[in-house]
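Okay, here's what each chain looks like letter by letter:
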Number of protein chains: 2
Amino acid sequence: MGSIVTTAQEARLLCRHNQLTNTAGRAPGYLQANLLVLPARYASDFHNLCLRNPVPCPLLGMTAVPGNPSAIRPAKCIRSKDFDIRTDFPKYRVYSEGKYVESRRDLLDVWTNDHVGFLIGCSFSFEDALIAAGLPPRHQKTHTIVAMYRSTIPLLPAGIFTGGCCIVSMRPYRPEQIERVRQITRAYISTHGEPVAWGWEGAKQLGIDDVEKPDFGEPQQFEEGEVPVFWACGVTPQLAVEAAGKKIDGLVFSHEPGHMLVTDWTAEDLQKLQPESV
Amino acid sequence: MGSIVTTAQEARLLCRHNQLTNTAGRAPGYLQANLLVLPARYASDFHNLCLRNPVPCPLLGMTAVPGNPSAIRPAKCIRSKDFDIRTDFPKYRVYSEGKYVESRRDLLDVWTNDHVGFLIGCSFSFEDALIAAGLPPRHQKTHTIVAMYRSTIPLLPAGIFTGGCCIVSMRPYRPEQIERVRQITRAYISTHGEPVAWGWEGAKQLGIDDVEKPDFGEPQQFEEGEVPVFWACGVTPQLAVEAAGKKIDGLVFSHEPGHMLVTDWTAEDLQKLQPESV
């Protein structure tokens, strides 16, 4: 697959036919989405969890009717009629009682008439903007996985989803770059937006004692004078679902990390994702 | 003023003419709003603060154009053309450099062509629902001011608004009542929604060592076996603005506590206040 994918629908169809296995850098300008699929009776609680915690859990869209894998609302999120949430991600994960069971290329055999899917914003979007501004995230330069940490910021509870915390990702920058980095990512309000904390003092406030030891991903190299800058991270909702564990009766699905859905939302649409006209 | 006010517009006009000085219990069924008015150049940061922290800072509406005190968006928030944000609250407060200066009956002399007003959801709405369910908040029974505390939940920063924390209000309930109390208030997603923490363990998690010593309001009586239940509180945005202090050049206005605006939103509209159709 050396060819350049230009449209979101083209990328989705390649994923469906397993000709595209990693969506990083594909269909630039289009927002990519994380996935969470739950039995319908937990959908309202999970929806509330997203609305109450929009920075770590930014909701880009959801399936319109339980069991229907093709219709997404808002309709602008996926404009094509030819869509299937069970196949159009490159790779999926299956969970039972909060535990990872297996990875799959599609959900055709496991999806039921009772499943509801949620599409959640991912940080790929603002990383493109940082690169364009000459402030590339370290992990992209070193080809490592971004460092992620459990923070002490509580996830505000919603129904069965209690006791979770905000997961944060970290990118090193020099102190004099921070205001610019804040400004650039601020606009990406539906994909985590501006940082939640920064500097060594910020790390302490988040309860992170040792940035060398991330809870997920890989440690990041600091260059002379750099300090950590933390953003809310899209792994948060996935861990909230894992934390709910046995409270969820029935199978739960997610995307495989790094294997996102390319949506039809563009960065320019972001402002429209704000509450109605407020 | 012994007469019963039935419509929101009727209540607003009485406030305008200073014939109604306390909006508690007036125009039942209509959502009441807190006020924050800022110079236009800080409006975008404050708007982001609300969008990033919708549980403590739920945005019900805002003025549509800087300097125009009459047009609110979304239009459904205030349906009447005969509206003036400078007069239709019963009482206002004026702040300079984060400090309280004076209280006023209107803002006519101090409002400028550069001011933008924000209407923020208030807990009166869900308290009505708790009363209707036979679970009245203690402070209503004892005619005291609800107990409020600074919590360790950080307010996720937005532009000049950094370093704030979520203020919480507390109402005592018995442990076996908590699930019902959560359920009732959950629906009120645009007026703080369900509790953020509960029980003595919850108090500890919020960094509240002594519930007998609230930071604002009055201590609440606990009856045998009762535990504290905490909700995010509408005082939060006001304190975030106070914390910004000298970073804000120009006068800031708020409502006088307890002296809210009666909006045209009803409890039934709440679901529509969720992001577009997601």
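An unreviewed UniProt entry lists chain A under the name DUF1445 domain protein, from Penicillium bovifimosum.

(A) Region of the structure containing the relation of the copies chain B and chain A. With an RMSD of 0.0 Å, chain B superimposes on chain A once it is rotated by 180° and translated 0.0 Å along the axis. What the rotation and shift describe, once combined, is the action of a two-fold rotation axis. The overlap is high: 100% of the interface residues of chain B also sit at the interface in chain A, so the same surface is used on both sides.

(B) Molecular detail of the domain arrangement of chain A. Residue and element names in this part refer to chain A. When its domains are assigned, chain A resolves into domain 1 (8–123 + 245–273) and domain 2 (133–236). Using only C-alpha atoms to locate each centre, domain 1 and domain 2 end up separated by 23 Å. Taken together, the contact between domain 1 and domain 2 spans 23 residues of the former and 22 residues of the latter. Of the roughly 1,900 Å² buried between domain 1 and domain 2, counting both surfaces, carbon and sulfur atoms make up 65%. There are 0 salt bridges connecting domain 1 and domain 2. When residues of the side of domain 1 that touches domain 2 are traced back to their parent elements, those giving at least two are β1 (30–39) and α2 (43–52). In terms of residue count, the dominant contributor to the side of domain 1 that touches domain 2 is α2 (5 residues). Per-class residue counts for the side of domain 1 that touches domain 2 are 14 nonpolar, 6 polar and 3 charged.

(C) Spatial organisation of helix α1 (residues 8–16) of chain B. Residues and elements named next belong to chain B. If you check which residues of α1 are buried, you get A8, Q9, A11, R12, L14 and C15. Looking at the buried positions of α1, the neighbouring elements they touch are β1 (30–39) and β12 (261–266). Phi turns positive, to about 55°, at N18, one or two residues after α1.

(D) How the structure looks around helix α5 (residues 178–186) of chain A. For α5 of chain A, the set of buried residues is I178, V181, R182, I184, T185 and R186 of chain A. Looking at the buried positions of α5 of chain A, the neighbouring elements they touch are α3 (124–132), β8 (165–173), β9 (197–198) and β10 (227–232) of chain A together with α2 (43–52) of chain B.

(E) Inspection of the packing of helix α3 (residues 124–132) of chain B against helix α5 (residues 178–186) of chain B at higher detail. Residue and element names in this part refer to chain B. Axis separation between α3 and α5 bottoms out at 9 Å; the angle between their running directions is 130°. As judged from the angle between their axes, α3 and α5 are oblique. As for how α3 packs across α5, the hand of that crossing is right-handed. The residues of α5 that touch α3, namely those facing F126, A129 and L130, are V181, I184 and T185. Across the contact of α3 with α5, the residue classes tally to 5 nonpolar, 1 polar and no charged.

(F) Focus on the side chain of H255 of chain B. All names here are of chain B. Tracing the backbone shows H255 in strand β11 (residues 252–255). A relative accessible area of 4% means that H255 is categorised as buried. Side chain to side chain, H255 and N34 meet in a polar contact 3.2 Å long. Of the polar contacts made by the side chain of H255, one reaches the backbone nitrogen of L35; its length is 3.1 Å.

(G) Geometry of the environment of T152 of chain B. Residues and elements named next belong to chain B. Tracing the backbone through its elements, the reader meets T152 in strand β7 (residues 147–154). Remark: the alpha-carbon pair of T152 and C166, spanning 14 residues in sequence, is separated by 7.2 Å. In this view, T152 contacts Q205, L206 and G207; residues no more than four positions away in its chain are not counted. Within the structure, the side chain of T152 is placed 3.4 Å from the backbone oxygen of Q205, a separation counted as a polar contact.

(H) How the structure looks around the packing of aromatic side chains. All names here are of chain A. A complete count under the given rule lists 14 aromatic pairs over all chains for this structure. Taking the centre distance of 4.8 Å and the plane angle of 65° together, the rings of F46 and F118 count as edge-to-face. Of this pair, F46 sits in helix α2 while F118 sits in strand β6 (residues 115–121), placing them 72 residues apart in sequence. Residues F46 and F118 agree in their burial class; the two are buried. With centroids separated by 5.6 Å and ring planes inclined at 55°, the aromatic side chains of F89 and Y92 adopt a geometry described as tilted. Take F89: its relative accessible area is 0%, and that puts it in the buried class. Taking the relative accessible area as the measure of exposure, Y92 reaches 0% and is therefore buried. Clustering of aromatic rings is evident, with ring pairs tying together F46, F118 and F161.

(I) Structural view of empty space enclosed by the protein. In total, this model carries 6 cavities of 30 Å³ or more according to the counting rule given. Quantified by volume, the second largest cavity comes out at close to 180 Å³. When residues of the lining of the second largest cavity are traced back to their parent elements, those giving at least two are β7 (147–154) of chain A together with β7 of chain B. Its residues placed into classes, the lining of the second largest cavity shows 16 nonpolar, 2 polar and 2 charged.

(J) How the structure looks around the pairing of β10 of chain A. Residues and elements named next belong to chain A. Counting buried positions over the 6 residues of β10 gives 6, a clear majority of the element. Here β10 shows no split at all, with V227, V229 and W231 on one side and P228, F230 and A232 on the other all buried. As judged from the 2 bridges shared by β9 and β10, these two strands associate in the antiparallel manner. When the bridges of β10 are listed, A197 appears paired with F230.

(K) Main features of the interface of chain B and chain A. Counting residues at the interface gives 35 residues for chain B and 35 residues for chain A. The junction of chain B with chain A conceals about 3,000 Å² of combined surface from both sides, 63% of it contributed by carbon and sulfur atoms. Counting across the interface, chain B meets chain A through 0 salt bridges. Between chain B and chain A we count 10 residue pairs in polar contact (both at pLDDT 80 or more) in total. Elements supplying a minimum of two residues to the side of chain B that touches chain A: α2, β2 (59–63), β7 and α5 of chain B. Residues that form the side of chain B that touches chain A fall into these classes: 18 nonpolar, 9 polar and 8 charged.

(L) Quick peek at the environment of K246 of chain A. All names here are of chain A. Here K246 shows up in the loop between α7 (235–244) and β11 (252–255). Look at K246 and you get exposed, because its relative accessible area is 66%. For the pair K246 and G98, spaced 148 residues apart in sequence, the C-alpha to C-alpha distance is 6.5 Å.

Cut-offs and rules
Residues numbered from 1 in each chain as written. Chains lettered and ligands numbered in written order. Predicted model: local features only at pLDDT ≥ 70, side-chain atom pairs only at ≥ 80, totals over all residues. Heavy atoms only, no water. Least-squares fit on C-alpha atoms with pLDDT ≥ 70 in both. Contact = heavy atoms within 4.5 Å. Domains from an automatic or database assignment. Buried area = accessible area lost by both parts, 1.4 Å probe. Salt bridge = Lys/Arg side-chain N within 4 Å of Asp/Glu carboxyl O. Helix = DSSP H or I, 4+ residues; strand = E, 2+ residues; numbered from the N terminus. Nonpolar A, V, L, I, M, F, W, Y, C, P; charged D, E, K, R; others polar. Buried < 20%, exposed > 50% of the residue type's maximum accessible area, 1.4 Å probe, protein only. Axes fitted to C-alpha atoms, helices over the stretch in contact; angles between N-to-C directions. Parallel < 35°, antiparallel > 145°, perpendicular 65-115°, else oblique. Left-handed = near helix turned anticlockwise from the far one by under 90°. Polar contact = N/O pair within 3.5 Å; in protein donor to acceptor, adjacent residues only side chain to side chain. Phe/Tyr/Trp six-rings, centres within 6.5 Å; stacked < 30°, edge-to-face > 60°. 1 Å grid on protein atoms, 1.4 Å probe; cavity = no way out; pocket = protein on both sides within 12 Å on 5 of 7 lines; lining within 4 Å. Points joined across faces, edges and corners; volume = space filled by probe spheres on them. Pairing = 2+ DSSP bridges.

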